[in-house]
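# What the coordinates show
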Amino acid sequence: MTSRSTASLRVISDPRPVLPSAVLGMLIFVVAEMMMFAGLMSAYTIVRAGALGWPPPGQPRLPVEATAFNTAVLLASAAFLFFANRAYTRNRDLAKRPLFTAMALGAFFVVFQGYEWVMLIRQGLTLTSSIHGSFFFLIVGMHGLHAVAGLTVLGRAGLKLSKGLLAPSTFAAAQVFWYFVVGLWPVLYFMVYL
Amino acid sequence: MAESIPADAMHAHDDHHHTEQSIWSKYVFSTDHKMIAMQYMFTGMAMALIGGFMAYAFRMQLAFPGIDVPGYGTVTASDYNALVTNHGTIMIFWVAMPVLIAAFGNYLIPLMVGCDDMVFPRLNRLSYQIFLLSAIVLIASFFVPGGGFGGAWTAYPPLSAKSQYSLTALGSSFWLVAVALEFTAFLLGGINFVTTAMNARAPGMKIFDIPIVVWMIVVASILFMSSVGPLIAGAVMLFMDQNVGTAFFDPDKGGDPILWQHLFWFFGHPEVYVVLLPAMGITAEIMCVFARKKMFAYKTFLYTTFATGILSFTVWAHHQFVAGIDPRMANIFTVTTLLISIPIAEMCFIYIATLYGGSIRLTTPMLWALAFVAEFLIGGVTGIFLGASGADIYFHDTYFVLAHFHYTFFPIAIIGTFAGFTYWFPKMFGKMMNDTLGKIHFWGTIIPFNFIFIPLFVLGAAGQHRRIYNYEHFPELAGVEMQDMRVLATVSMLVMLVFQLVFFYNCFISWKKKQKDAGKNPWKANTLEWTTDSPPPHGNWPELPTVYRGPYEYSVPGREEDYFPQNVPD
């Protein structure tokens, strides 16, 4: 009988989710993506640890300094996205400028990486030239794909923002994905370039 | 924003009371979770028939080498490889996953947590469409030059990476693409399941009022999504090895073939629990209803599941004891592997404790649920031998392994599905299934099942290696006693396949019945799906339910009825 009496005391309230569905869904997706990159990175680490020299002889050196600059550009884009969010919570119209700056910086990052790729391919580092090249293009390319996807997500949010239709949860989900793309990059830079 | 909200609400309203949908939008491009569940269910069952047909073809070849298999023709050596490979792939990825997780998850989660649909209905539809595409790609792989992929469902390189070994350049790539698409589909599905169960519960449903089967599907989805990433990474690498000319898995050029095994089994072992947990959940639901008892130790069951989930990420290398891994590492994986049997055993004890003292009703679903526990135990216990690295070096790649995982996967994918299907059939179609035919089908499946795989245990212990197309070529394996056991297994399989006709006949006549005789709650169960019409309308309830208590309040003292539905106020 005790269970019945406690049950009758239950207060029925509409459950308020801790996280909006869009954000929760995106977070789950990001966890799966992180595990994919973890798989790539562990494979890379194992092969690199077993190799006699790294990078293998005859392969070009990676542009460490230029990419450090590019890393800074990507981090700046995250900072502008943060400003965009702050502005969004106060006055939505003020969010446009930092959001588009963040996107421009992100696009610069992708284009610059592409330029680097072209230079490296000219110098003889290709997907099939060595296991070093294979992993370099696979990992950086996979991140590049995510960066392009992230720019698309931000672009969609920007489009909705300029129409005044951007819901807070959609914007939050887009931010989660872009922060993932940005936050992942320094790790990849550290492991692949250095 | 303010003006868009009423528009949304109107749209939702319109969606749920719009009865005249075209056939196209009702059955093909539906976003209704119940329709998507049915799509997954019937695609999965069709794939089960294809996978079963493959088993029929290669078992006939093993029992009667070289015969002209009726309905297939002569099984050549490369046919044999393609058949066993795709039998395994189909039964795990295109039967167990879509039916247990996607079909039951889609059908049950919104109905059991009391909401009108999944949180992301269009993502859900996309999930099924990608899944269907993956099934088509897999079937297409049989019709490309070179035929279907024959490098075993684990796809170890170099066999899978180099077409000069596998001889199926296109077939292996098709196979890989199909598997990758299938994972994408379940990723989308899994996001939906977890988000819906967390965010869309009915008012009053607290975290421990969620029916256990929903919890199991949620935990399974989390396991799937956290383990699939490395395999997707590996699949991309393997695909590039096949088609671009990279050398990730080629030791000649600095790659590492064992790497694939790690990436594959890091996913592959949690995958066992991904399909096991929903079947465990279905069993728990059925046992509570037909023992008319509150579930014993609901929270312990849940915490045990979490423990299983975490442990399942630490056992993968027990598949690689003979792959040249360090013996010290093998010891660690032996310990973790034997440890994981503890939470699973605990769950079985919880079932027994739930049954103890109940007033048990041996309906067809209950028989399936009881058989699940009994048969799965055999699979679990034989796993102990394989988890111990010393014994595994002998048993590796013998029929002992094969019989072991069929004693786990058959209860999961087949018995679990039949349990769930016969239990929820009245809800899905509004009509009761014939119980007598159901029992004939049950015994006609369970008895031959044991006659198939117990001989295979014996054969495996006698040293019969897997992946051999014709044992006549191996004098020490071609003896009369061993061949007789192969014939016994094959004949039992034929008997089992014939008894499946009873099931399809039963489905057909039950579905054809004119009057909907099930009513809302034929089993007198507590959970929310039994409080709406059978089959539930679009939108599930005219008015969404409110929850007042846990899901397993059976035989509550002081009540006239022996059940106490979750939505009934005191």
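Structural data are supplied above this passage.
Now for a quick tour of the structure. For clarity, every value in this text was computed on a predicted model and none was experimentally measured.

### So, empty space enclosed by the protein
Residues and elements named next belong to chain B.
- This model, assessed by the stated rule, comprises three cavities of 30 Å³ or more.
- Estimates place the volume of the largest cavity at around 80 Å³.
- The wall of the largest cavity is formed by 13 residues, among which Ile101, Phe186, Gly190, Phe193 and Ser221 lie closest to the centre.
- In terms of residue class, the lining of the largest cavity is built from eight nonpolar, five polar and no charged.
- A volume near 50 Å³ is recorded for the second largest cavity.
- Forming the boundary of the second largest cavity are Phe93, Trp175, Leu176, Val179, Ala180, Phe183, Leu231, Ala235, Trp260 and Phe264.
- Only helix H7 (169-199), helix H8 (212-243) and helix H9 (257-291) provide two or more residues apiece to the lining of the second largest cavity.
- In terms of residues, the lining of the second largest cavity owes the most to one element, H7, which gives five residues.

### Details of unusual backbone geometry
- In this model, Trp54(A) is joined to Pro55(A) through a cis peptide bond whose omega is -5 degrees.
- Take Pro55(A): it is sitting in the loop between helix H2 (21-50) and helix H3 (64-90).
- Of the consecutive residues Pro157(B) and Pro158(B), the connecting peptide bond is found in the cis state with omega at 5 degrees.
- Structurally, the position occupied by Pro158(B) is in the loop between helix H5 (121-140) and helix H6 (163-166).
- You will see that Ala297(B), though not glycine, has its phi angle at about 55 degrees, which is positive.
- Along the chain, the position of Ala297(B) falls in the loop between H9 and helix H10 (298-311).
- Residue class for Ala297(B) comes out partly exposed when judged on its relative accessible area of 24%.
- With phi around 60 degrees, Asp397(B) is a residue other than glycine that occupies positive phi space.
- As for its position among the elements, Asp397(B) is in the loop between helix H13 (389-395) and helix H14 (399-429).

### Section: helix H5 (residues 131-163) of chain A
- Over its 33 residues, H5(A) runs 48 Å from end to end, which matches the ideal 48 Å to within 8%, given 1.5 Å per residue.
- Gly164(A) lies just past H5(A) and shows a positive phi near 75 degrees.

### Remarks on the interface of chain A and chain B
- With 39 residues of chain A in contact, the opposing surface of chain B contributes 47 residues.
- For the chain A and chain B pair, buried surface summed over both sides reaches about 3,200 Å², with 73% attributable to carbon and sulfur atoms.
- In this assembly, chain A and chain B are joined by zero salt bridges.
- Contributions of two or more residues to the side of chain A that touches chain B are made by helix H1 (2-8), H2 and H5 of chain A.
- Per-element tally for the side of chain A that touches chain B: the top contributor is H2(A), with 14 residues.
- Counted by class, the side of chain A that touches chain B contains 26 nonpolar, nine polar and four charged residues.

### Examining helix H4 (residues 77-113) of chain B
All names here are of chain B.
- The first and last C-alpha atoms of H4 sit 50 Å apart over 37 residues, in line with the 54 Å expected at 1.5 Å per residue.
- A maximum bend of about 45 degrees is found in H4 at proline 98.
- Extensive coverage of H4 is indicated by the burial of 32 of its 37 residues.
- Remark: glycine 114 follows H4 within two positions and exhibits a positive phi of approximately 80 degrees.

### Remarks on the side chain of His262(B)
All names here are of chain B.
- Residue placement: histidine 262 occurs in helix H9.
- A polar side-chain atom of histidine 262 sits 3.1 Å from a polar atom in the side chain of tryptophan 316.
- Contacts of histidine 262, omitting those with residues within four sequence positions, involve Trp316, Gln320 and Met329.

### Focus on the pattern of salt bridges
Residues and elements named next belong to chain B.
- Taken as a whole and judged by the stated rule, the model has 15 salt bridges over all chains.
- Lysine 34 serves as the salt-bridge partner of aspartate 32, at 3.4 Å between the closest nitrogen and oxygen. Note on accessibility: aspartate 32 and lysine 34 belong to one class, buried.
- Note that arginine 292 and aspartate 562 form a salt bridge whose closest N and O atoms lie 2.9 Å from each other. With arginine 292 in the loop between H9 and H10 and aspartate 562 in the segment after helix H16 (480-512), this residue pair connects regions lying 270 residues apart in the sequence.
- Taking the relative accessible area as the measure of exposure, arginine 292 reaches 2% and is therefore buried.

### Things to note about the environment of Met34(A)
- Relative to the helices and strands, Met34(A) resides in helix H2.
- Through-space distance from the C-alpha of Met34(A) to that of Phe108(A) is 24 Å; in sequence the pair is 74 residues apart.

### Here's the deal with the packing of aromatic side chains
All names here are of chain A.
- On inspection of all chains with the given rule, the structure shows 76 aromatic pairs over all chains.
- Ring centres of tyrosine 44 and tryptophan 54 lie 5.8 Å apart, and the angle between their planes is 80 degrees; on these two criteria the pair is classed as edge-to-face. A residue pair is termed long-range when its members are at least 10 positions apart, and tyrosine 44 in helix H2 and tryptophan 54 in the loop between H2 and H3 qualify at 10 residues.
- Judged by centre distance (5.2 Å) and plane angle (75 degrees), the ring pair of phenylalanine 109 and tryptophan 185 falls under edge-to-face. Note that phenylalanine 109 is positioned in helix H4 (residues 96-122) and tryptophan 185 in helix H6 (residues 168-193), a separation of 76 residues in sequence.

### Topic: the state of the cysteines
Residue and element names in this part refer to chain B.
- Summed over the entire model, instances satisfying the criterion amount to zero disulfides over all chains.
- Of all cysteine sulfurs in the structure, the one in cysteine 288 sits closest to cysteine 348, which takes part in no disulfide; the separation is 14 Å.
- You can call cysteine 348 buried: its relative accessible area is 6%.

### Digging into the environment of Gly387(B)
Residue and element names in this part refer to chain B.
- Mapped onto the fold, glycine 387 is located in helix H12 (residues 364-387).
- It is 32 Å that separates the C-alpha atoms of glycine 387 and proline 365, two residues lying 22 residues apart in sequence.
- What glycine 387 contacts, discounting residues up to four positions off in sequence, is Phe321, Thr334, Thr337 and Leu338.

### Brief notes about the nonpolar core
All names here are of chain B.
- Formed by 245 residues in total, the largest nonpolar core has its most connected members in Trp94, Phe104, Met237 and Phe421.
- The element best represented in this core is H9, accounting for 23 residues.
- Not counting residues up to four positions away in its chain, the partners in contact with phenylalanine 104 are Met41, Val99, Ile109, Ile217, Ile282, Thr417, Gly420, Phe421, Trp424 and Met428.

### Topic: the packing of H4(B) against H8(B)
Residues and elements named next belong to chain B.
- Look at H4 against H8: their axes get within 9 Å of each other, and the N-to-C directions meet at 130 degrees. Taken together, the axes of H4 and H8 lie oblique to each other. Regarding H4 and H8, the two cross each other, and that crossing is left-handed. In contact with Met97, Leu100, Ile101, Phe104, Gly105, Leu108, Ile109, Met112 and Val113 of H4, H8 contributes Val213, Val214, Ile217, Ala220, Ser221 and Phe224.
- Classifying every residue of the contact of H4 with H8 by side-chain character gives 13 nonpolar, two polar and no charged.

Rules and cut-offs
Residues numbered from 1 in each chain as written. Chains lettered and ligands numbered in written order. Predicted model: local features only at pLDDT ≥ 70, side-chain atom pairs only at ≥ 80, totals over all residues. Heavy atoms only, no water. 1 Å grid on protein atoms, 1.4 Å probe; cavity = no way out; pocket = protein on both sides within 12 Å on 5 of 7 lines; lining within 4 Å. Points joined across faces, edges and corners; volume = space filled by probe spheres on them. Nonpolar A, V, L, I, M, F, W, Y, C, P; charged D, E, K, R; others polar. Helix = DSSP H or I, 4+ residues; strand = E, 2+ residues; numbered from the N terminus. Buried < 20%, exposed > 50% of the residue type's maximum accessible area, 1.4 Å probe, protein only. Expected span 1.5 Å × (residues − 1). Contact = heavy atoms within 4.5 Å. Buried area = accessible area lost by both parts, 1.4 Å probe. Salt bridge = Lys/Arg side-chain N within 4 Å of Asp/Glu carboxyl O. Bend = angle between axes of the 7 residues up to and from the residue. Polar contact = N/O pair within 3.5 Å; in protein donor to acceptor, adjacent residues only side chain to side chain. Phe/Tyr/Trp six-rings, centres within 6.5 Å; stacked < 30°, edge-to-face > 60°. Disulfide = S-S within 2.5 Å. Core = buried A, V, L, I, M, F, W, Y, C linked by side-chain atoms within 4.5 Å. Axes fitted to C-alpha atoms, helices over the stretch in contact; angles between N-to-C directions. Parallel < 35°, antiparallel > 145°, perpendicular 65-115°, else oblique. Left-handed = near helix turned anticlockwise from the far one by under 90°.

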